[in-house]
Amino acid sequence: MVVPLNTWILISNFKLAYNMLRRPDGTFNRHLAEFLDRKVPANANPVDGVFSFDVVIDRGTSLLSRIYRPASADGGVPSIADLEKPVGSDIVPVIIFFHGGSFAHSSANSAIYDTLCRRLVGNCNAVVVSVNYRRAPEDRYPCAYIDGWAALKWVNSRPWLQSPKDSKVHIYLAGDSSGGNIAHNVALRAVESGIEVLGNVLLNPMFGGETRTESEKRLDGKYFVTLQDRDWYWRAFLPEGEDRDHPACNPFGPKGISLEGVKFPRSLVAVAGLDLVQDWQLAYAEGLKRAGLEVNLLYLEKATIGFYLLPNNDHFYTVMDEISNFVSSNLCSVLLLGFLVLPFLSAASGNLSKGAFETASDWEMCEMIAAGVFYALHCQISVKGGAILR
Amino acid sequence: MGPYDSSVSAGSSSGSSSSCSVKPADPIDGLLAGAGYRVRSSELRQVAQRLERLETVMINAPTEVSHLANDAVHYNPSDLASWVDSLLSELHQPEIAPDPSTFSDLNYIAHAQGGPVLVNPMVGHCELSSGTEIEEDSGIRLVHVLMTCAESVHRGELSLAASFIEELQGLLTSVDGERGIGKVAGYFIDALSRRVFAPQEASLAGSAFENAVLYHHFYEACPYLKFAHFTANQAILEAFDGHDCVHVIDFNLMHGLQWPALIQALALRPGGPPLLRLTGIGPPSPDGHDSLREIGLRLAELARSVNVRFAFRGVAASRLDDVKPWMLQVNPKEVIAVNSIMQLHKLLGSDPSRGSPIDPVLEWIRNLNPKIVMVVEQEANHNQPEFLDRFTEALHYYSTMFDSLEACSAQLEKSLAEMYIQREICNVVCCEGLARVERHEPLDKWRDRLGGAGFTSLHLGSNAFKQASMLLTLFSAEGYCVEENEGCLTLGWHSRPLIAASAWQAMPVLQHPLPLINHHQNVI
């Protein structure tokens, strides 16, 4: 039961730094946290085939997201016009990613998460949208979920993220630790909204409950995490006065709801065998199964928290492969469907490409201009009504 | 056996391979580098031991933990080894002597990162915005044509550029010119227009008086200059600690806005204030008026009111490279702080006969043997040789800056601040050769330049960071962010750093014959 040396250093460093940041009275040393957090800027210059840029999703809450895209085949630097160029292939998964940090730590531009999102792009041939949600304790439940929901709506309404095959945005929600929890809750919100979420990817998702489970007792303090710190983060995130059986923490607990009959997306849940909250994560997977939902549970016996941050262990590669399959399996079924539907469409397709435009060159020009969208334009539209422009 | 397996290889970076053929002698761990930490592969075991020790101490003395958090000053968290050591020494724990036997069984794939990822000139972040759906399409078209126009200027196709400019002026009428994309595009179209139609008068350089007025409003309307001032003052105050004769050399006095706060802080320091000399450099005033002296008198008044012994000297020079060290009259007994707020980049233009003034200026600064040199610069790459690259970068940079200005409610200040920014834009876009003084370069380039000129970095710590963050919360709109960058602090808007502050000291002259410690290499 060992981790590689550099992983141990990384996670221990976080553990000790975080100890300094949590105050016994429930407040958080945000200034020191921001000072210590290693951040990286967005980079429109492709690095290893991926480039990134930041967008403002909601000006009112300063909600930012970082978008990661595969570079073009020639690897050239995208111009301003290319940042929001429509996605190329028939089907492009768009993964809305919520970083971890137990609701209090890290940001979308934290180095560890910037690196992880870049790997997801390469691995899944996807566009990744990493949401810089508001954090506890300054912004408790439900702020992070509200931000996640805002991001989902925003992604769903971007024309340039629509897969050419069906002009729909192929959305997956993903997250690690608190991010996994957020993904679940945003998916819940999306049900009945008309926005389809094709799948949830939860890595070591953060769940809990009032009772102390066997894994919590057995692994308390053994692998970087203590029950005491878990309790602190829940107290910081949940509404004051609420206990850990609040449905945000314990979705299938005494105050939870059944998802039977609910059109909830299929899920990939990765559980680390050395994570003390694994019993809650396994219970979560069970809850989904009981509701008749599709769950792919990955139990990684020897993994600790944060195993997916560095590509130096088998579990990392296992999970990356599974995620890749997970977001492309829809692809296969759609392609199959497309294959059957294609003969019926081909007759009409010749006229579709020109549509309402007068000439083919106008169409190309407009595609290019549309590509040169400054996303803030869209943001401004959604915020404009009633937004206070300071 | 510890909780980590030292025989498992740490894995290598999957990043791009270094372009240089010689591997550094002591590589850093590539995976930790990707996480923002520089740890030498050969030191991993040691760092792990220190972390274990730190943990033990923290468990045994929980009250010490709050001391570490609240009172201790943290520096440069990227250098994990020294960060952990500094915490251990805060807790009065002696360093562990390295255990030579533990290094032999480590088997790391020695693959060094080529260095930090270059901040791309085209950091993709854009704040151009438009109000309604109809405007959105015009906005898109506007930017598209703007870039195409810049491209034709770049290629020297000036008549083509002229026709684009006409088109752009037409497009401008269909967007809101008061905010967002309309506003920024307006300034860039104006700049391109000047470049194409009236290159001789392109520069918008006004009189020194006008510049000072605009500067003052830029100071009021947004926090960039305030951040520069209070970060610099904090570092200078610390450098002056324990010294009785101190001398600040300000490379651009303007209205001396930076100095009242320092004077007051010195007045309040434990042990009493030092004798403070201030040398303010600024352009000569027209018609016999001595504005430098007037500012000096006002500051002297303030100093007198708080019982700080103070002497002022004004040095009139239209360019920094006209200043000669003897004009500064430094005294060998005094401790010197050099303060350069957005001035050094003006020295980067080169004259074929004389070369670039930056080198001789950095040399005389170094020869002053200053205790601290504060350098604040725009965090942008506006000095690239190719016009189109500069234009693109400037469009991003100033869009972000204009966006941050939207939050300013005071109309007059905002308008004049915009004019201040407009002058910079015109200089970047319209001017060439020595006339182009706004040659902004990013922090990494300044690190290399200052390192090569014989300066070492003085790290700005968590106390300066916290002060800056708190002041921002008090005085500015939400959306500004202070970040720590390997010992330097940056202020940005919506996660795009726009201004960077760094502190330096001259390396003792004695060390000159030895190889210089370079920021990116290991100590030899």
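Higher on the page you've got the structure.
As the structure is a prediction and not an experimental result, all values here were calculated from the model.

*Asks:* In this structure, what is going on with the overall build of chain B? I would like to understand it.
*Replies:* When helices and strands are counted, chain B shows 16 helices and 11 strands. A separation threshold of at least 6 residues defines the contact pool for chain B, and within that pool the share at least 24 residues apart is 76%. Surface exposure of chain B reaches about 22,300 Å², of which carbon and sulfur atoms provide 55%.

*Asks:* Explanation requested: the packing of aromatic side chains in the structure shown.
*Replies:* A ring pair, where both rings are aromatic, is described by two values, the distance of the centres and the angle of the planes. A complete count under the given rule lists 30 aromatic pairs over all chains for this structure. Arranged with centres 5.9 Å apart and planes meeting at 65°, the rings of Phe251(B) and Trp364(B) form a pair that is edge-to-face. Taken together, the positions of Phe251(B) in the loop between β3 (245–250) and α10 (259–267) and Trp364(B) in helix α12 (residues 358–367) put the pair 113 residues apart, joining distant regions of the chain. A ring pair is formed by Tyr397(B) and Tyr398(B), whose centres lie 4.9 Å apart and whose planes are at 85°; its orientation type is edge-to-face. Overall, Tyr397(B) belongs to the buried group, its relative accessible area being 1%. Three or more aromatic residues joined by ring pairs form one cluster here, namely Tyr215(B), Phe218(B), Tyr224(B), Tyr420(B), Tyr480(B) and Trp493(B). Directly above the aromatic system of Phe326(A) lies the positively charged group of Arg266(A), at a separation of 4.1 Å from the ring centroid. Positioned over the ring face of Tyr219(B) is Lys226(B), at 5.7 Å from the centre of the ring.

*Asks:* Explain the pattern of salt bridges here, please?
*Replies:* Think of it this way: side chains of opposite charge can pair up when their charged atoms draw near. Taken as a whole, this structure holds 42 salt bridges over all chains when the rule is applied. For Glu484(B), the salt bridge identified is with Arg38(A), shortest N-O distance 2.8 Å. Taken together, the positions of Glu484(B) in strand β9 (residues 480–485) and Arg38(A) in the loop between α2 (30–36) and β2 (50–58) put the pair across two chains. On the basis of relative accessibility, which here comes to 7%, the residue Glu484(B) falls in the buried class. Classification of Arg38(A) by relative accessible area gives buried; the value is 6%.

*Asks:* Before we go on, may I ask you to explain the pairing of strand β5 (residues 310–316) of chain B in this structure?
*Replies:* When a strand is regular, its side chains alternate between the sheet's two faces. Residues and elements named next belong to chain B. In this sheet, β5 lies alongside strand β4 (residues 275–282) in parallel orientation, the contact comprising seven bridges. In the strand pairing of β5, Ile-281 is matched with Val-315. Handedness of the crossover is the feature at issue here: the chain leaves β4, passes through helix α11 (residues 291–305), returns alongside β5, and the resulting connection is right-handed.

Cut-offs applied
Residues numbered from 1 in each chain as written. Chains lettered and ligands numbered in written order. Predicted model: local features only at pLDDT ≥ 70, side-chain atom pairs only at ≥ 80, totals over all residues. Heavy atoms only, no water. Helix = DSSP H or I, 4+ residues; strand = E, 2+ residues; numbered from the N terminus. Contact = heavy atoms within 4.5 Å. Areas by Shrake-Rupley, 256 points an atom, 1.4 Å probe, with all protein chains shown as cover. Phe/Tyr/Trp six-rings, centres within 6.5 Å; stacked < 30°, edge-to-face > 60°. Buried < 20%, exposed > 50% of the residue type's maximum accessible area, 1.4 Å probe, protein only. Lys NZ or Arg CZ within 6 Å of the ring centre and 35° of its normal. Salt bridge = Lys/Arg side-chain N within 4 Å of Asp/Glu carboxyl O. Pairing = 2+ DSSP bridges. Right-handed = clockwise from strand over helix to strand, strands pointing away.

In short, geometric facts, not functional conclusions.
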